[in-house]
Amino acid sequence: MQDPSSEQPTGTAPAAAAATTGRHLSARWVVIAVIVGYLVQVGWRIWLSRNLYVPAAHADEDGYLVAARALAGGAGGETTDNETFRRMGYPMLISPVYWFTQDTFTVYRSVLVINAVLNALVFPLLYLYARRTLVLSPRTALGAAFVAAAMPAVVFYSQFALTDSVLGTMVIAWLVLAHTWLAGVTARARVLGALGSGAVAGLLFVTHIRGTMVVLVHVLLVVTVLLLRRSHWANGLVAIAGAGVVMTLDPILKAASANAIDSAGNSPKSTTIDAITTLSGLGRMLGTADGQLWYLCVGTFGLGAIGVITALLPLTRLRALRSELTDTAAAARRIIVTATLFTTFLIALSSSAALPPGDNRINYYAYPRYIHMLFPLWLLIGLAGLLAARTRRQALMLGGYAAGLTLLTGAVVSIRTRLHGWGRFLNFDSPELSFMGWRWDGIGVTRPTIVALVLLAGIVLFIHRPRWGLPLTLAGIGLVVAANMVVATEKISVPMEVNQYRPGTPLIVREGYVHEGDRVAFAKEQVVWFVQYNHMREIYWTPLLIWDQTEDPTPPSDANVVIAPYDPPENVDLETWDGSKYGFRLVVTDPNQRWAVWRKS
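Quick caveat: nothing in here was measured; it's all calculated off a predicted structure.

Undergrad: Account for the environment of Thr343, naming residues and giving values.
TA: The residue Thr343 is located in helix α18 (residues 328-354) in this model. Of the residues examined, Thr343 reaches a relative accessible area of 0% and is grouped as buried. Filtering out sequence-adjacent residues up to four positions away, Thr343 remains in contact with Trp174, Val214, Val217 and Leu374. Of the polar contacts made by the side chain of Thr343, one reaches the backbone oxygen of Ala339; its length is 2.7 Å.

Next comes the structure, spelled out in structure tokens:
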């Protein structure tokens, strides 16, 4: 069978010329389009999150917000992170909010605006990736980047105070800067590209554990380009130094907040070691990575599958690859696409090794969150690969290969989920899958796969139609991702938040039940588990004094306010904590989540 990428590798100049006909946009209009498009992307994110006021993805959001408060000089608290996974990059970015307000609700709304501003930067960065690495025409790059930047894989996380809201921006910036290092027209541009790409890779390390894999790929990238003599050795050192300097922020930020943060999480070390030292662990890791690849195929309507194929196949044709690497521009493009591929696979494998099977989360069999940030890139790479097809037969072959990859990986997911049986499902972990299968309470494989393949067939058959084929294809994809985000917000984000503060739930600081300067003890055992995190954020001047009232009902001696269970339901094995026995008077109760505030008489 003929290799559909053998005649025209992804991201070459002739492919770009075939992508779009007509007049080229002037540089001025491109800048205007990028600025307007960016502002639209920011506004879209803010509009989607307009009804979100408090964290709901406990306890991750709470941990980042409390860490940000601690960096700004405020009180810390307890998080479910462990020391290995705890990172302070995202708290560093949002901590300035606490310079202006301590009100937890105002803080959260402000953080979502910051998320929108930073998250939407994927649009101009994707445009640069499409133009420089994939050599798409300005018109095609603008349209494709705008659609890719609106994907739920990026936009969904802007609705939460999570590192995922900024990781997409960072990883795309890293690759764009790395391309500048390899293909910059001036020596200064190459030095700045090397330094910038290293710095952003280091920032990714400081922001999330996934950054470890990015730094690893960055080091491999440096070694590769030096061996291929695609860069001066001094620029390679600059690229490494940039990463190393920024990575030192990790211990510095941790030290700055060490006394304020109590990390109560468990290390995944044993799970990770098991994945690489036992056959069962290896099988679990490979099966879970397969699920991530299947989700990538489905969540990008098959274009991600085309992208993976067109990125992988040229690496198997060594003679053509050697020839490609002799040209500076072509070599830079191939190296960056390959770096994207390696980053995706390494993150998929390492995260699959670390995911704890004891959680019994059925989502883990197709868990996209760790590679979600790369989905827009794969949509662009797949689109470029499809546009590079010189004949209808080549386009159909690519579509067929992509369909085969989607079906094969999906079959593995289907078998594993059927063998496993029941497991806890969170639709937060699968915004695209739930939408495409229209199933919000469990994982589905068949319907999302069918929908993705139908959309893929439509894209393959329509994209090369004269004049309006590509614009209408991009518009169709844009409508689907926009609808996905609107529905996901209403079906996932809003319902997650609605029970946090129900009508009648006291806002203990805003409404004056607890005052600045109070020492607040919190009974550990509650009717609703996340109450601890809500109060931890509301009380901004001091950490909560957490004690287990079921072992010793006497509160800490230096507390003048206590928050404890009150009138729990009969089916809950808890008793009302009676503060009157310890010299406290009842201040206010929550009839929804069954807790009360007591103040020392």
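Having seen it, we continue.
Undergrad: Describe the nonpolar core, and please don't skip the residues or the numbers.
TA: Residues Leu126, Tyr129, Trp174 and Leu386 are the most contacted members of the largest nonpolar core, which totals 141 residues. Per-element accounting of this core gives the leading share, 12 residues, to helix α9 (residues 164-183). Look past the residues within four positions of Leu126 in its chain and what remains in contact with it is Ala145, Ala148, Ala149, Ile172, Pro376, Leu377 and Leu380.

Undergrad: Provide a residue-level description of the side chain of Asn363, including the pertinent values.
TA: Secondary-structure assignment places Asn363 in the loop between α18 and α19 (375-387). Look past the residues within four positions of Asn363 in its chain and what remains in contact with it is Arg424, Phe425, Leu426, Asp429 and Ser430.

Undergrad: Describe the packing of aromatic side chains, listing the residues and the values that go with them.
TA: In this description, a pair of aromatic rings is defined by centroid distance and the angle of the planes. In the structure shown here, the tally under the stated rule is 21 aromatic pairs. Relative to Phe428, the ring of Phe160 has its centre 5.1 Å away and its plane inclined at 85 degrees; by these criteria the two rings are edge-to-face. Separated by 268 residues along the polypeptide, Phe160 in the loop between α8 (152-155) and α9 and Phe428 in the loop between α20 (392-420) and α21 (431-437) bring together distant segments of the chain. The class of Phe160 is buried, set by a relative accessible area of 2%. What makes Phe428 buried here is its relative accessible area of 9%. These aromatic residues form a ring-pair network of at least three members: Trp547, Trp577, Tyr582, Phe584 and Trp598. The aromatic ring of Trp47 is capped on one face by Arg50, whose charged end is 3.9 Å from the ring centroid. Over the aromatic face of Phe205 sits the side chain of Arg87, whose NZ or CZ is 4.6 Å from the ring centroid.

Undergrad: How would you sum up the packing of helix α2 (residues 27-48) against helix α23 (residues 469-498)? Please name residues and give values.
TA: One can describe the packing of α2 onto α23 by two numbers: an axis separation of 10 Å at closest approach and a directional angle of 25 degrees. By the criterion of interaxial angle, the relationship of α2 to α23 is roughly parallel. Residues Trp44, Trp47 and Leu48 of α2 pack against Ala482, Met485, Val486 and Thr489 of α23. Class assignment of the residues belonging to the contact of α2 with α23 gives a composition of 6 nonpolar, 1 polar and no charged.

Undergrad: Tell me what's going on with unusual backbone geometry, and back it up with residues and numbers.
TA: Residue His58 is joined to Ala59 through a cis peptide bond whose omega torsion reads -5 degrees. Topologically, Ala59 is positioned in the loop between α2 and α3 (60-71). Here Phe301, not a glycine, exhibits a phi torsion of approximately 60 degrees, which is positive. Assignment of secondary structure puts Phe301 in the loop between α15 (279-299) and α16 (303-312). Exposure remark for Phe301: the relative accessible area of 5% places this residue in the buried category.

Undergrad: Outline the pattern of salt bridges, listing residues and values.
TA: Enumeration according to the criterion identifies 11 salt bridges in this entry. Residue Arg369 pairs with Asp164 through a salt bridge whose shortest N-O separation is 3.0 Å. Taken as a pair, Arg369 in the loop between α18 and α19 and Asp164 in helix α9 lie far apart in primary sequence, 205 residues in all. Where Asp250 meets Lys254, a salt bridge forms, and the shortest distance between an N and an O atom there is 3.4 Å. Taken together, the residues span about one helical turn, with Asp250 and Lys254 both in helix α13 (residues 249-257) at a distance of 4 residues.

Undergrad: Please set out helix α7 (residues 138-149) residue by residue, giving values where relevant.
TA: Compared with an ideal rise of 1.5 Å per residue, which puts 12 residues at 16 Å, α7 spans 16 Å between its outermost C-alpha atoms and is within 8% of the ideal. Of all 12 residues that make up α7, 9 are buried, and the element is covered over most of its length. Residues of α7 that are buried: Pro138, Thr140, Ala141, Leu142, Ala144, Ala145, Val147, Ala148 and Ala149.

Undergrad: Let's hear about the environment of Thr489: which residues, and what values?
TA: Looking at the secondary structure, you find Thr489 in helix α23. Classification of Thr489 as buried rests on a relative accessible area of 2%. Setting aside residues no more than four positions away along its own chain, Thr489 makes contact with Leu48, Gln159, Val494 and Pro495. Engagement of the side chain of Thr489 in a polar contact is seen with the side chain of Gln159, the distance being 2.8 Å.

Conventions and cut-offs
Residues numbered from 1 in each chain as written. Predicted model: local features only at pLDDT ≥ 70, side-chain atom pairs only at ≥ 80, totals over all residues. Heavy atoms only, no water. Helix = DSSP H or I, 4+ residues; strand = E, 2+ residues; numbered from the N terminus. Buried < 20%, exposed > 50% of the residue type's maximum accessible area, 1.4 Å probe, protein only. Contact = heavy atoms within 4.5 Å. Polar contact = N/O pair within 3.5 Å; in protein donor to acceptor, adjacent residues only side chain to side chain. Core = buried A, V, L, I, M, F, W, Y, C linked by side-chain atoms within 4.5 Å. Phe/Tyr/Trp six-rings, centres within 6.5 Å; stacked < 30°, edge-to-face > 60°. Lys NZ or Arg CZ within 6 Å of the ring centre and 35° of its normal. Axes fitted to C-alpha atoms, helices over the stretch in contact; angles between N-to-C directions. Parallel < 35°, antiparallel > 145°, perpendicular 65-115°, else oblique. Nonpolar A, V, L, I, M, F, W, Y, C, P; charged D, E, K, R; others polar. Salt bridge = Lys/Arg side-chain N within 4 Å of Asp/Glu carboxyl O. Expected span 1.5 Å × (residues − 1).

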